[in-house]
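Commentary on secondary and tertiary structure
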Amino acid sequence: MTGTNSSIGQAPSFYLSGIPGCEDVQHFISIPFCVFYLIGIVGNCTVLHIIHTDKSLHEPMYYFLAMLSLTDMGMCISTLPTVLRTFWFDAKEIEMNTCEAQMYFIHTFSLMESAVLLAMAFDRYVAICDPLRYSSKLTPQRIVYIGVFIVIRCSTVLPVVLVRIPTFSFCHSPVLSHSFCLHQYVIQLACSDISFNVLYGLFVVAFYWGVDSLGIFLSYALILCSVLHIASRGGKLKALSTCVSHICAVLILYVPMIGLSLVYRFAKHSSPTIHITMADIYLLVPPVLNPVIYSIKTKQIHQGFLGILLSKRIGLAQT
């Protein structure tokens, strides 16, 4: 491979390996990836369209759902170009600048997704624990402030470590065992001192993911306490049913994220297939499943999906 580092020096580019050992069938492997990306992008676009066109959905809960769909689309689009390029055209080389940009968007949108889920947990807390002041607490203006705060909070944290990567010396093979760039795997190829990047990464995990997960946990602890004080069993079930979609969204983000972190920390020398599978699940499953979950569990979104499908069927029948 041209441009491969044979000695210590600056790495002008990296090489994406896709799925090692499956080079002969990578065109077939690309089919499920394309299906997942198609479901993720079309599904989240449909959710955004339903919320935008249905005036009855212009409420805090659905504004936050729109934010979640936008971050899901961001996660999809961040990895889509290199994944398809690797599997379809066997174009595996990626420039340092392009790799850095991809790392920035992947990790930024991941942090945003976690922050949006925290905001959605707060929304459920207010709706269930203080319903009379729900509209006054979560006004459109405050929701805009929350959205802007999430963007600023998550978009400014990564440049601190990413600007250091071009200064590193790389003496290992510049081959990444993924079809996209992730910070924790890129710095493993460096021969320079990466302790700052490692410690800063731990800080981000603790301060961002840790704070968000703690906030979500506390929100649901307070929700549970409030629900237990509801007299009727039907009232309890109705209150909890409004949280099912959000709980599923939290689980499908945090479980793969925790799994990927554990594999990276404690199973560095395990099969590359395990690392690749965990990373793909972490980045693909939330964007694919979130619109599916909300279309099934949320009545208004479900009706919106049915309305779009029925209108298309009627249009086809009339042509």
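What counts and how
- Residues numbered from 1 in each chain as written.
- Predicted model: local features only at pLDDT ≥ 70, side-chain atom pairs only at ≥ 80, totals over all residues.
- Heavy atoms only, no water.
- UniProt positions renumbered as here; feature names shortened; annotations may be inferred.
- Axes fitted to C-alpha atoms, helices over the stretch in contact; angles between N-to-C directions.
- Helix = DSSP H or I, 4+ residues; strand = E, 2+ residues; numbered from the N terminus.
- Parallel < 35°, antiparallel > 145°, perpendicular 65-115°, else oblique.
- Left-handed = near helix turned anticlockwise from the far one by under 90°.
- Contact = heavy atoms within 4.5 Å.
- Nonpolar A, V, L, I, M, F, W, Y, C, P; charged D, E, K, R; others polar.
- Buried < 20%, exposed > 50% of the residue type's maximum accessible area, 1.4 Å probe, protein only.
- Pairing = 2+ DSSP bridges.
- Core = buried A, V, L, I, M, F, W, Y, C linked by side-chain atoms within 4.5 Å.
- Salt bridge = Lys/Arg side-chain N within 4 Å of Asp/Glu carboxyl O.
- Disulfide = S-S within 2.5 Å.
- Patch = residues over 30% accessible without salt bridge, like charges linked within 9 Å, V, L, I, M, F, W, Y side chains within 5 Å.
- Areas by Shrake-Rupley, 256 points an atom, 1.4 Å probe, with all protein chains shown as cover.

An unreviewed UniProt entry lists the protein chain under the name Olfactory receptor, with Bison bison bison as the source organism. The UniProt entry for the protein chain carries the following comment under Function (unreviewed entry): "Putative odorant or sperm cell receptor." Recorded in UniProt for the protein chain, the comment headed Sequence similarities (unreviewed entry) runs: "Belongs to the G-protein coupled receptor 1 family."

Observations regarding the packing of helix α3 (residues 96-129) against helix α8 (residues 195-228)
Put simply, α3 and α8 touch, their axes get as near as 9 Å, and they point 20 degrees apart. Looking at the two axes, α3 sits roughly parallel to α8. By crossing handedness, the relation of α3 to α8 is classed as left-handed. Residue-level inspection shows Ser110, Leu111, Ser114, Ala115, Leu117, Leu118, Ala121, Phe122, Arg124, Tyr125, Ile128 and Cys129 of α3 in contact with α8, the latter providing Val204, Tyr208, Trp209, Asp212, Gly215, Ile216, Ser219, Tyr220, Leu222, Ile223, Ser226 and Val227. The class makeup of the residues in the contact of α3 with α8 is 17 nonpolar, 5 polar and 2 charged.

As for the UniProt feature "transmembrane region" (unreviewed entry) in the protein chain
Within this structure's numbering, the places UniProt gives as "transmembrane region" (unreviewed entry) are residues 28-51, 63-84, 104-122, 143-165, 185-207, 214-232 and 244-264. Taken end to end, residues 28-51 comprises 100% helix and 0% strand; its first and last C-alpha atoms sit 36 Å apart. Secondary structure content for residues 214-232 is 79% helix and 0% strand, while the C-alpha to C-alpha distance between its ends is 29 Å.

Concerning the pairing of strand β1 (residues 13-16)
Neither face of β1 is open: one carries Ser13 and Tyr15, the other Phe14 and Leu16, and all of them are buried. Pairing of β1 with strand β2 (residues 93-95) involves 3 bridges; the strand directions are antiparallel. Opposite Phe14, over in β2, you have Ile94 as the bridge partner.

As for the environment of Val25
By the secondary structure assignment, Val25 is in the loop between β1 and α1 (26-53). The class of Val25 is partly exposed, set by a relative accessible area of 37%.

Regarding the nonpolar core
Core analysis: the largest hydrophobic core is formed by 85 residues, its most contacted members being Phe14, Leu117, Ile165 and Ile301. Not counting residues within four places of it along the chain, the set of residues in contact with Ile301 comprises Val47, Ile50, Ile51, Leu57, Tyr62, Leu65, Tyr294 and Ser295.

Some points on the pattern of salt bridges
With the rule as written, the count across this model stands at 5 salt bridges. Its salt-bridge partner being Asp90, residue Lys92 comes within 3.6 Å of it at the nearest N-O pair. One salt bridge in this structure joins Lys137 and Asp130, with 3.0 Å as the shortest N-O distance. We classify Lys137 as partly exposed; its relative accessible area is 27%. What you see here is one network of salt bridges that share partners, running through Asp130, Arg133 and Lys137.

Thoughts on the state of the cysteines
All chains considered together, the criterion is met by 2 disulfides. A sulfur-sulfur separation of 2.1 Å characterises the disulfide bridge that pairs Cys99 with Cys181. Looking along the S-S bond of the Cys99-Cys181 disulfide, the torsion reads about -125 degrees, which is the left-handed sense. Placement of the pair is Cys99 in helix α3 and Cys181 in the loop between β3 (175-176) and α7 (183-186), with a sequence separation of 82 residues.

Some words on a nonpolar patch on the surface
Taken together, the side chains of Val25, Phe28, Ile31, Val35, Phe36, Ile39, Leu289, Val292 and Ile296 define a hydrophobic patch exposed on the protein surface, amounting to about 780 Å² of accessible area. Considering each element in turn, the nonpolar patch owes the most residues, 5 residues, to α1.

Notes on the UniProt feature "domain: G-protein coupled receptors family 1 profile" (unreviewed entry) in the protein chain
Here the UniProt feature "domain: G-protein coupled receptors family 1 profile" (unreviewed entry) sits at residues 43-294. Annotated as 76% helix and 2% strand, the span residues 43-294 places its first and last C-alpha atoms 10 Å apart.

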